[in-house]
Amino acid sequence: MILMEGVQKYYGDFHALKNIDFQVRRGEIVVVCGPSGSGKSTLIRCINRLEEIDEGRIEVDGMDLYAKGTDINKIRAEAGMVFQHFNLFPHLTILENITIAQTKVKGVPKKSAEEKAMALLERVGLAHKAHDYPGALSGGQKQRVAIARTLAMEPKVILFDEPTSALDPEMIGGVLDVMRSLAKENYTIVCVTHEMGFAREVGDRIVFMDEGEIIEEDSPEEFFQRPKSERAKKFLKEILTH
Ligand code: ADP
Ligand code: MG
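Residues numbered from 1 in each chain as written. Chains lettered and ligands numbered in written order. Predicted model: local features only at pLDDT ≥ 70, side-chain atom pairs only at ≥ 80, totals over all residues. Heavy atoms only, no water.

Draft legend 1. The pattern of salt bridges, seen in detail. For the coordinates displayed, the defined rule picks out 24 salt bridges. Between Glu154 and Lys116 there is a salt bridge whose closest N-O contact spans 2.3 Å. With Glu154 in the loop between helix 5 (139-152) and strand 7 (157-161) and Lys116 in helix 4 (residues 110-123), this residue pair connects regions lying 38 residues apart in the sequence. Residue classification places Glu154 among the exposed positions, given a relative accessible area of 51%. The salt bridge involving Glu185 is made with Arg123; its shortest N-O contact spans 2.9 Å. With Glu185 in the loop between helix 6 (169-184) and strand 8 (188-192) and Arg123 in helix 4, this pair connects stretches of sequence that are 62 residues apart. (Salt bridge = Lys/Arg side-chain N within 4 Å of Asp/Glu carboxyl O. Helix = DSSP H or I, 4+ residues; strand = E, 2+ residues; numbered from the N terminus. Buried < 20%, exposed > 50% of the residue type's maximum accessible area, 1.4 Å probe, protein only.)

Draft legend 2. The packing of aromatic side chains, seen in detail. In total, this model carries three aromatic pairs according to the counting rule given. Seen from their ring centres, Phe208 and Phe223 are 6.0 Å apart, and the 35° between their planes marks the pair as tilted. With Phe208 in strand 9 (residues 205-210) and Phe223 in helix 8 (residues 220-225), this residue pair connects regions lying 15 residues apart in the sequence. Of the two residues examined, Phe208 and Phe223, each falls in the buried class. Relative to Phe235, the ring of Phe208 lies with its centre 5.4 Å away and its plane at 45°, an arrangement referred to as tilted. (Phe/Tyr/Trp six-rings, centres within 6.5 Å; stacked < 30°, edge-to-face > 60°.)

Draft legend 3. Inspection of the layout of surface pockets at higher detail. Taken as a whole, the largest pocket spans an internal volume of roughly 480 Å³. Lining the largest pocket are 18 residues, and of these Arg76, Phe83, Ala101, Arg149 and Met153 lie nearest its centre. In terms of residue count, the dominant contributor to the lining of the largest pocket is helix 3 (residues 94-104) (four residues). (1 Å grid on protein atoms, 1.4 Å probe; cavity = no way out; pocket = protein on both sides within 12 Å on 5 of 7 lines; lining within 4 Å. Points joined across faces, edges and corners; volume = space filled by probe spheres on them.)

Here is the structure:
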């Protein structure tokens, strides 16, 4: 479903992604972890072309993201992103936040966009908030809305960038529950997170990054019990004693 080959990414002189080869199978749940600044966000942002790359190739379900003439809106619809800070429109209601891309980008009629939005809000337990503004919601509720907004586009791939890191601890569980339910439904997911319990439980594979490189990839069991590199050992020690 996702193919990255020989990807190089620079921010000016800074080499942010170093020769990344990375593949995700359809229905696979991949958890990306690593120290702050290791390139995790950059990696997943390249998968829906929020960043440009300097070398290499990225495909999502056979679509070459960086080919000339590739439609950015199509890319963003196929690889949906859920951000740490939700990025909801503050001046739109919850319902409008979920319908706007469907109507504007996909040309879905307003009524069917609203029906779909309501069904998704139901699913994330927030149908009663449909006509409120984001400002009236807790962080955890906003993140569940952001997930519903992403699902509304019927993405082939969902990219999560530390979806629970900005939340108060008591809000994290509800968001992880929604993510668990997606994992069960055969969505293809790449998730950057430090929630190692979640990674162990739903991850098919853990990718550990440091300094712009993929250092190791393994099943959660292997990674947590027998990390191979010194860097992964050090990282795990730090986050698990945190
Ligand atoms: P992570 O998500 O693992 O914390 P990022 O992918 O955000 O790491 O960043 C990787 C490195 O690239 C960091 O050193 C960061 O400072 C740098 N970086 C990220 N975005 C930019 C940018 N827009 N301009 C310059 N440097 C950036
Ligand atoms: Mg990041």
